[in-house]
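# Observations on the model geometry
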Amino acid sequence: QVHLVESGGGLVQAGEPLKLACAASGRTFNRYGMGWFRRAPGKEREFVAAISWNGGTTYYADAVKGRFTISRDNAKSTVYLQMNNLKPEDTAVYYCASSKNYWFVPMGVGREPDFGSWGQGTQVTVSS
């Protein structure tokens, strides 16, 4: 079982950037894909971005494509989400997740059943 801890959330103004980090511990980080999801107030949790076990493949939700970048540093067992040009509609609790299976490669919109471990979430609030 992997333990995930997100950090970097906060309050920013529209148009500003923010970078989230998710530190993993408890199992071999570099064998698993990673994902970011978010839950906005009153809405269901939705997929944001995912990255393959080796960082070679990424996939983004249409709502964030071109603004957000997911990356990973396997030496630090950490996955990042760089968020640029933030919008008020990006306000949500952001969760990182680790894939259930080895050698995960995102092929489309991330599905929650593909991810077996979740962090506690970090709040991102974007003011207009």
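Higher on the page you've got the structure.
Residues numbered from 1 in each chain as written. Predicted model: local features only at pLDDT ≥ 70, side-chain atom pairs only at ≥ 80, totals over all residues. Heavy atoms only, no water.

## Some remarks on the overall build of the protein
Worth spelling out the cut-off: Counting from the N terminus, the helices are the DSSP runs of H or I reaching at least four residues and the strands are the DSSP runs of E reaching at least two. A 1.4 Å probe rolled over the protein chains alone gives each residue an accessible area, and that area as a share of the maximum for its type sets the label: buried under 20%, exposed over 50%, partly exposed in between. By definition, residues are in contact when any of their heavy atoms lie within 4.5 Å. Only the protein chains shown count as covering a residue, and every accessible area follows the Shrake-Rupley method with a 1.4 Å probe.
A tally of regular secondary structure across the protein gives zero helices and 11 strands. The helix and strand sequence of the protein, counted from the amino end, reads β-β-β-β-β-β-β-β-β-β-β. With the principal axes as the frame, the protein shows a C-alpha extent of 40 × 25 × 25 Å. For the protein, with 128 residues in total, the buried portion stands at 46%. Within the protein, contacts between residues separated by at least 24 positions form 61% of all contacts whose residues are at least 6 apart in sequence. Total accessible area on the protein is roughly 6300 Å²; 48% of this is exposed by carbon and sulfur atoms.

## Topic: the environment of Gly15
Structurally, Gly15 can be placed in the loop between strand 2 (10-13) and strand 3 (18-25). Sequence spacing of Gly15 and Asn84 is 69 residues, and the spatial spacing of their C-alpha atoms is 7.1 Å.

## Things to note about the pairing of strand 8 (residues 78-83)
As a general feature of sheets, a regular strand has side chains that alternate between the two faces. Which entries qualify depends on this criterion: Here the rule is simple: two strands pair whenever DSSP picks up at least two bridges between them.
Judged by how many residues are buried, strand 8 sits mostly within the fold: five of six residues are covered. Taken together, the six bridges between strand 3 and strand 8 define a ladder with antiparallel strand orientation. Looking at strand 8, one finds that Lys19 is bridged to Gln82. Sheet topology note: the strand 7 (residues 68-73)/strand 8 ladder contains six bridges and is antiparallel. Across the sheet, residue Arg72 finds its bridge partner in strand 8, namely Val79. Hairpin connection, strand 7 to strand 8: the antiparallel pair is bridged by four residues, and Ser77 has positive phi, about 50°.

## Considerations on unusual backbone geometry
At Ser77, a residue that is not glycine, the phi angle is positive and equals roughly 50°. Tracing the chain through its elements places Ser77 in the loop between strand 7 and strand 8. Residue Trp103 is not a glycine yet carries a positive backbone phi of 55°. Among the secondary structure elements, Trp103 is positioned in the loop between strand 9 (92-102) and strand 10 (115-118).

## Digging into the environment of Arg72
For clarity, the threshold we go by: Definition of a polar contact: a pair of N or O atoms within 3.5 Å, with one able to donate and the other able to accept a hydrogen when the atoms are protein atoms, and with sequence-neighbouring residues admitted only if both atoms are side-chain atoms.
With respect to the helices and strands, the residue Arg72 is situated in strand 7. Apart from the residues within four sequence positions on either side, Arg72 is in contact with Phe29, Asn30, Tyr32, Gly33, Met34, Ile51, Ser52, Trp53, Asn54, Gly55, Thr78 and Val79. For Arg72, the side chain forms a polar contact with the main-chain oxygen of Ser52, separated by 2.8 Å. A polar contact is formed between the side chain of Arg72 and the backbone oxygen of Trp53, at a distance of 3.5 Å.

In short, geometric facts, not functional conclusions.
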